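# Chains, contacts and geometry: an overview
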Amino acid sequence: MPEQDNRIDEIAALQEEIAQLRHAVVSHAVVDQAIGVVVAYGGVHPDHGWDVLREISQHTNTKLREVAEHLVQWPHCGWLPAGIRRCLDAALERRTPAAGRDDGGVRGPVREDRER
């Protein structure tokens, strides 16, 4: 019986690990998609997309995965929480080169829809 109990515990642990790995794969995909939204919206280099997400997460005290989910849904629903939107715009402003500067960054598009 103790051997069977050990196997049951081992199976339960493996099932839990599988569930965690599945969740991680889905979260990773959403984060990658959110980086794409940041790049498309802000015109920043893809290498800066992760930094922008992390900064938004830290400044809004929101899990990074949740920030990513909001950003991925934003183009479809047309709405982004105000705090996330403010932090997104601020983070992008810090990373978008000023007009006339040539520092290797990508000049972002004009973002006229800031109040949505």
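Residues numbered from 1 in each chain as written. Predicted model: local features only at pLDDT ≥ 70, side-chain atom pairs only at ≥ 80, totals over all residues. Heavy atoms only, no water.

## Observations concerning the overall build of the chain
Counting its regular elements, the chain contains four helices and zero strands. In sequence order, the chain lays out its α and β elements as α-α-α-α. Sequence separation of at least 24 residues holds for 57% of the intrachain contacts in the chain that already meet a minimum separation of 6. As displayed, the chain offers around 8,000 Å² of accessible surface, 53% of which is attributable to carbon and sulfur atoms. (Helix = DSSP H or I, 4+ residues; strand = E, 2+ residues; numbered from the N terminus. Contact = heavy atoms within 4.5 Å. Areas by Shrake-Rupley, 256 points an atom, 1.4 Å probe, with all protein chains shown as cover.)

## Concerning the confidence of the model for the chain
The predicted coordinates ought not to be read in detail in places where the model reports low pLDDT. Taken as a whole, the chain shows an average pLDDT of 83; of its residues, 83% reach a score of 70 or greater. For the stretch residues 99-116, pLDDT sits under 50, and the model shows 33 contacts to residues farther than four places along the chain or on other chains. (pLDDT = per-residue confidence, 0-100.)

## What about the nonpolar core?
Core analysis: the largest hydrophobic core is formed by 23 residues, its most contacted members being Val38, Leu53, Leu71 and Leu88. Counting residues per element, the ones that place at least two in this core are α1 (2-42), α2 (46-60), α3 (64-77) and α4 (82-95). Tallying contributions element by element places α1 first for this core, with seven residues. Look past the residues within four positions of leucine 88 in its chain and what remains in contact with it is Val38, Tyr41, Val52, Ile56, Leu71, Trp74 and Leu80. (Core = buried A, V, L, I, M, F, W, Y, C linked by side-chain atoms within 4.5 Å. Buried < 20%, exposed > 50% of the residue type's maximum accessible area, 1.4 Å probe, protein only.)

## With respect to unusual backbone geometry
With a phi angle near 55°, asparagine 61 is a residue other than glycine that sits in the positive phi range. Residue position: asparagine 61 is located in the loop between α2 and α3. Assessed through its relative accessible area of 75%, asparagine 61 is described here as exposed.

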